[in-house]
Amino acid sequence: MVVSEPLPPHVSLLPNEKIIMTLRRRYPSIFSSILSLVSAGLLLGGSSTIRYIGQYAGSFENVVGLLYLVIIAVAVFFAIAALIGYFYVHGHLYILTDRRIIVSTKFITISVRDVAYSEITDIIVNQGPLGRILNYGSVVPLSPGVRGVYALPYPSMRRFSYAKVGLKDVSQPTRIMDELFGLTRLHRSVGT
Amino acid sequence: MTGLGGQSSGSVKDVALSVPREVSIAAGEQVLMVLGRSYISFVSLATIGLVVLWVVMAGLNFYLPSEAVWVMPPLNVFCFLVVPPLLYGLGYVYVKGHRYIITNERIVMFRKFVGILLRTVTHDKITDLIVNQGPIGRLCNYGRVSPITAGMIMPMGAVIFSISGVRSPYEVRDSIAKLVRAMEPKEK
């Protein structure tokens, strides 16, 4: 879970700032996204494909051949998505320092969010069924500038925003939330 | 108190429900209240949904063309015999998966049903407290208490991430309001 590695060039620390932990997005999480994409595709296009095969295939051999083609197409899509997903997941880096959280994502574009612990208003943890089995989930620290819509548990509702603001699919999300709560608590008591 | 599930280094006052093991209590933090969602809050919603479904089914029974009538017996069995026990049964598990933990420092809203959804908010960040009671909630004394912060604004904070279906919502609101006031910086 905790990774010690050189910082990417687009992330820089303040003087005397110490890194408490660095986290990475878990690779298995990408499979739940791919599976949901494939199932959505099958739901949308499955019935029409079967109907098309039934109408135009003619002989039984042709039907079997076309079904094989569909299976190969899904498998190729899955393999390509898994390969792209590897680089996508590898581009996520979350750094917890003694002053702030840095959420950095690098995949085609670069997006970096910096949030000081004193500005965190809510912490949301969201774990799906696969995440519960494999012990990963998302931790979203909200602030007055980054509001609740980013923490919605229903991905379809937050799709309109592509900003990366949370610690997506990290290992042991509840433990990370506890760490964050401890750090916000520490900064609150220092502040007052 | 029926035991503490989470790895706790803080303390727990006398509470009827247990803290789920996914929630940890920090050192020096005191659990003041552990609340659950009342089943009646789900039952009322589910019953309204079922009544709507049954009205639609009754309409279909009357207006469906005769050549499509064969669809109705299996559909009736599904809607009148399969859906209600399934809905109320799953609803029970859904309701039992809710825990709202109020400590001297924060509120933890926890839901475990298929996945896990957890929100934690410290009292000093709460800007508004909204209580919502429907007609059945008024009769049965349950409601939704929504702690609103600058980060979790209406309507999300009031609907998805809130203390839903708790008994005596005004007492809960008052307890939270006291804690919020206690955390406010003293005026000079």
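Residues numbered from 1 in each chain as written. Chains lettered and ligands numbered in written order. Predicted model: local features only at pLDDT ≥ 70, side-chain atom pairs only at ≥ 80, totals over all residues. Heavy atoms only, no water.

### A look at the overall build of chain A
In step 1: Within chain A, the secondary structure is distributed over 5 helices and 7 strands.
In step 2: N-terminal to C-terminal, the α/β element order of chain A is β-α-α-β-β-β-β-α-β-α-β-α.
In step 3: Going through the 192 residues of chain A one by one, you find that 39% of them count as buried.
In step 4: Here the analysis covers contacts within chain A between residues at least 6 apart in sequence; of these, 64% occur between residues at least 24 apart.
In step 5: Surface summary for chain A: the accessible area is close to 10600 Å², and the carbon and sulfur share equals 66%. (Helix = DSSP H or I, 4+ residues; strand = E, 2+ residues; numbered from the N terminus. Buried < 20%, exposed > 50% of the residue type's maximum accessible area, 1.4 Å probe, protein only. Contact = heavy atoms within 4.5 Å. Areas by Shrake-Rupley, 256 points an atom, 1.4 Å probe, with all protein chains shown as cover.)

### Points about the pattern of salt bridges
In step 1: Applying the stated criterion across every chain yields a total of 10 salt bridges over all chains.
In step 2: One salt bridge in this structure joins A:Arg185 and B:Glu105, with 2.5 Å as the shortest N-O distance. Of this pair, A:Arg185 sits in helix 5 (residues 173-191) while B:Glu105 sits in the loop between strand 3 (98-103) and strand 4 (106-113), on two different chains. The same class applies to A:Arg185 as to B:Glu105, namely buried.
In step 3: The shortest N-O distance in the salt bridge between B:Glu29 and B:Arg106 comes to 2.7 Å. Taken together, the residues span a long stretch of sequence, with B:Glu29 in the loop between strand 1 (11-12) and strand 2 (30-35) and B:Arg106 in strand 4 at a distance of 77 residues.
In step 4: By sharing partners, the salt bridges in this structure join A:Glu17, A:Arg100 and A:Asp114 into a single network. (Salt bridge = Lys/Arg side-chain N within 4 Å of Asp/Glu carboxyl O.)

### Observations regarding the interface of chain A and chain B
In step 1: Counting residues at the interface gives 29 residues for chain A, matched by 30 residues for chain B.
In step 2: Sorting the residues of chain A by area buried against chain B places A:Arg132, A:Phe181 and A:Arg188 first, and these three jointly supply 22% of that buried surface.
In step 3: Here chain A is connected to chain B by 2 salt bridges.
In step 4: Note that B:Arg119 is salt-bridged to A:Asp122, the shortest N-O span being 2.5 Å.
In step 5: Among the elements of the structure, strand 5 (122-127), helix 3 (129-134) and helix 5 of chain A are those that each provide at least two residues to the side of chain A that touches chain B.
In step 6: A per-class count over the side of chain A that touches chain B returns 15 nonpolar, 8 polar and 6 charged.
In step 7: Judged from the 6 bridges that link them, strand 5 of chain A and strand 5 (residues 115-122) of chain B form a sheet pairing that is antiparallel. Residue pairing across strands places A:Ile123 opposite B:Thr120, the latter belonging to strand 5 of chain B. (Buried area = accessible area lost by both parts, 1.4 Å probe. Nonpolar A, V, L, I, M, F, W, Y, C, P; charged D, E, K, R; others polar. Pairing = 2+ DSSP bridges.)

### Points about the sheet that holds strand 2 (residues 92-97) of chain A
All names here are of chain A.
In step 1: Taken in spatial order, the 4 strands of this open sheet run 1-2-3-4, and their pairing is antiparallel. A strand with exactly one partner marks an edge of an open sheet, and here the two such strands are strand 1 (19-24) and strand 4 (109-116). Neighbouring strand axes in the sheet, compared pairwise and without regard to direction, differ in orientation by 15 degrees on average.
In step 2: Where strand 3 (residues 100-107) and strand 4 come together, 8 bridges link them in antiparallel fashion. Paired with Ile-102 across the two strands is Asp-114, which belongs to strand 4. (Axes fitted to C-alpha atoms, helices over the stretch in contact; angles between N-to-C directions.)

### Examining the nonpolar core
Note on soluble globular proteins: their nonpolar side chains tend to be buried together.
In step 1: Counting residues in hydrophobic clusters, the biggest one holds 28 residues, and the most contacted among them are A:Leu23, A:Leu96, A:Ile101, A:Val139, A:Leu167 and B:Val23.
In step 2: With 4 residues, the top contributor of residues to this core is helix 5 of chain A.
In step 3: Counting residues in hydrophobic clusters, the runner-up holds 15 residues, among them B:Met109, B:Val131, B:Ile163 and B:Ile176. (Core = buried A, V, L, I, M, F, W, Y, C linked by side-chain atoms within 4.5 Å.)

### Topic: the side chain of A:Ser29
Residues and elements named next belong to chain A.
In step 1: Following the sequence through the fold, Ser-29 ends up in helix 1 (residues 29-56).
In step 2: Residue Ser-29 is classed as buried on the basis of its relative accessible area of 0%.
In step 3: Apart from the residues lying within four places of it in its own chain, the contact partners of Ser-29 are Tyr-136 and Asp-169.

### Overview of the pairing of strand 7 (residues 167-171) of chain A
Residue and element names in this part refer to chain A.
In step 1: Of all 5 residues in strand 7, 4 are buried, a share of seventy percent or more.
In step 2: In terms of strand pairing, strand 6 (residues 136-142) meets strand 7 through 3 bridges, oriented antiparallel. In the sheet register, Gly-137 faces strand 7, and the bridge partner there is Val-170.

### Digging into helix 2 (residues 72-96) of chain B
Residues and elements named next belong to chain B.
In step 1: Taking 1.5 Å per residue as the helical rise, helix 2 with its 25 residues ought to reach 36 Å, and the 35 Å between its terminal C-alpha atoms agrees with that figure.
In step 2: Of all bends in helix 2, the biggest is about 40 degrees, found at Val-83, and the proline Pro-84 comes one to four residues later.
In step 3: All of the buried residues along helix 2 are Met-72, Asn-76, Cys-79, Val-83, Pro-84, Gly-91, Tyr-94 and Val-95.
In step 4: In this structure, the buried residues of helix 2 make contact with helix 1 (39-63), strand 3 and strand 4. (Expected span 1.5 Å × (residues − 1). Bend = angle between axes of the 7 residues up to and from the residue.)

### Some words on unusual backbone geometry
In step 1: The residue A:Ile108 is not glycine, and still its phi comes out positive at about 65 degrees.
In step 2: With respect to the secondary-structure elements, A:Ile108 resides in the loop between strand 3 and strand 4.

### Overview of a nonpolar patch on the surface
In step 1: Nonpolar side chains collect at one region of the surface, where B:Ile40, B:Ile48, B:Val52, B:Val56, B:Leu60, B:Leu75 and B:Ile136 lie side by side and expose about 520 Å² of accessible area between them.
In step 2: Along the chain, B:Val52 turns up in helix 1. (Patch = residues over 30% accessible without salt bridge, like charges linked within 9 Å, V, L, I, M, F, W, Y side chains within 5 Å.)

### Quick word on the confidence of the model for chain B
Residue and element names in this part refer to chain B.
In step 1: With 87% of its residues at a pLDDT of 70 or more, chain B shows a mean pLDDT of 84.
In step 2: In the model of chain B, strand 1 stands out as the element of lowest mean pLDDT, 53, in contrast to strand 3, which has the highest, 94.
In step 3: Under a pLDDT of 50 for its full length, residues 1-7 has, in the predicted model, 23 contacts with residues more than four places off or in other chains.
In step 4: This complex was scored by the predictor with a pTM of 0.79 and an ipTM of 0.76. (pLDDT = per-residue confidence, 0-100.)

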